Amino acid sequence: MEQDVFKKLLKDKGLKVTGQRQLVLEIMAAHPGEHLTAEEIFGLAREQSPEIGLATVYRALQVFIDLHVIDRISLDDGFARFELSQELGSERHHHHHAICLACKRIVSLEEDLLGPLEDRVMERLGFSVADHEVKLYGYCRECNEKRRAMIIKKKELEESD
């Protein structure tokens, strides 16, 4: 994300451009697709700025959420996680996530496949969908291959008995 765009967003909202806010944003930009927790962001920030506090990181994250610069997501693991918005500064639907039950890998699915469903909901019910979040749980390619190999091995062992 260009720092000029970020600075303009802050200034347009009457907010200060601070070193701490810039640092948090730089960390988010340096870790695309990682779905960092506030504590992970804090740890990375302290490497560059040991005086930064966890409360400062939380405040910066809230500012970015309010400006639609980052999204807060819940992946049902007990942590709030954060990622850069795909459409900086504009309200949009969240993209979806596929979560591996074995290795806990999280993959972002950028395509929004629910647009036609939302249109039907609006037509039939007059209900305007403001947002949605979809989480698909299953097994990633690598874990699927391991599971298949285990099944084959188990069958081979059963047949040899």
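Structure shown above.
Conventions used here
Residues numbered from 1 in each chain as written. Predicted model: local features only at pLDDT ≥ 70, side-chain atom pairs only at ≥ 80, totals over all residues. Heavy atoms only, no water. Core = buried A, V, L, I, M, F, W, Y, C linked by side-chain atoms within 4.5 Å. Buried < 20%, exposed > 50% of the residue type's maximum accessible area, 1.4 Å probe, protein only. Helix = DSSP H or I, 4+ residues; strand = E, 2+ residues; numbered from the N terminus. Contact = heavy atoms within 4.5 Å. Pairing = 2+ DSSP bridges. Axes fitted to C-alpha atoms, helices over the stretch in contact; angles between N-to-C directions. Salt bridge = Lys/Arg side-chain N within 4 Å of Asp/Glu carboxyl O.

**Observations concerning the nonpolar core**
Line of reasoning, step 1. If you look at the biggest cluster of nonpolar residues, it comprises 25 residues, and the most contacted ones within it are I41, L61, F64, I70 and F82.
Line of reasoning, step 2. Where this core is concerned, the elements lending two or more residues are α1 (3-12), α2 (19-30), α3 (38-48), α4 (54-66) and β3 (80-84).
Line of reasoning, step 3. It is α4 that contributes the most residues to this core, 6 residues altogether.
Line of reasoning, step 4. F82 has contacts with M28, H35, L36, T37, A38, I41, L61, I65, I70, D71 and R72, leaving out every residue within four places of it along the chain.

**A look at the pairing of strand β5 (residues 106-109)**
Within a regular strand, the side chains alternate between the two sheet faces.
Line of reasoning, step 1. Inspection of the sheet shows strand β4 (residues 96-100) paired to β5 by 4 bridges, in the antiparallel sense. Its bridge partner lying in β5, I99 is registered against I106.
Line of reasoning, step 2. Counting the residues between successive antiparallel strands, the hairpin from β4 to β5 contains 5 residues, one of them, K104, with a positive phi of roughly 70 degrees.

**Considerations on the sheet that holds strand β6 (residues 135-138)**
Line of reasoning, step 1. The mixed open sheet is built from 3 strands, whose spatial order is β5-β4-β6. Because the sheet does not close on itself, it has two edges, and the strands there are β5 and β6. Going from strand to strand, the sheet's axes swing by 20 degrees on average, the running direction of each strand aside.

**Looking at the pattern of salt bridges**
Line of reasoning, step 1. One pass over the full model with this rule turns up 4 salt bridges.
Line of reasoning, step 2. Residue D77 pairs with R81 through a salt bridge whose shortest N-O separation is 2.7 Å.
Line of reasoning, step 3. According to the relative accessible area criterion, D77 is partly exposed, its value standing at 33%.
Line of reasoning, step 4. Close ionic contact of R105 with E142 constitutes a salt bridge, the shortest N to O distance being 3.5 Å. Of the two residues, R105 sits in the loop between β4 and β5 while E142 sits in helix α6 (residues 141-160), which places them 37 residues apart along the sequence.
Line of reasoning, step 5. By relative accessible area, E142 is classed as partly exposed at 43%.
Line of reasoning, step 6. Through salt bridges with shared partners, a single ionic network connects E40, D77 and R81.

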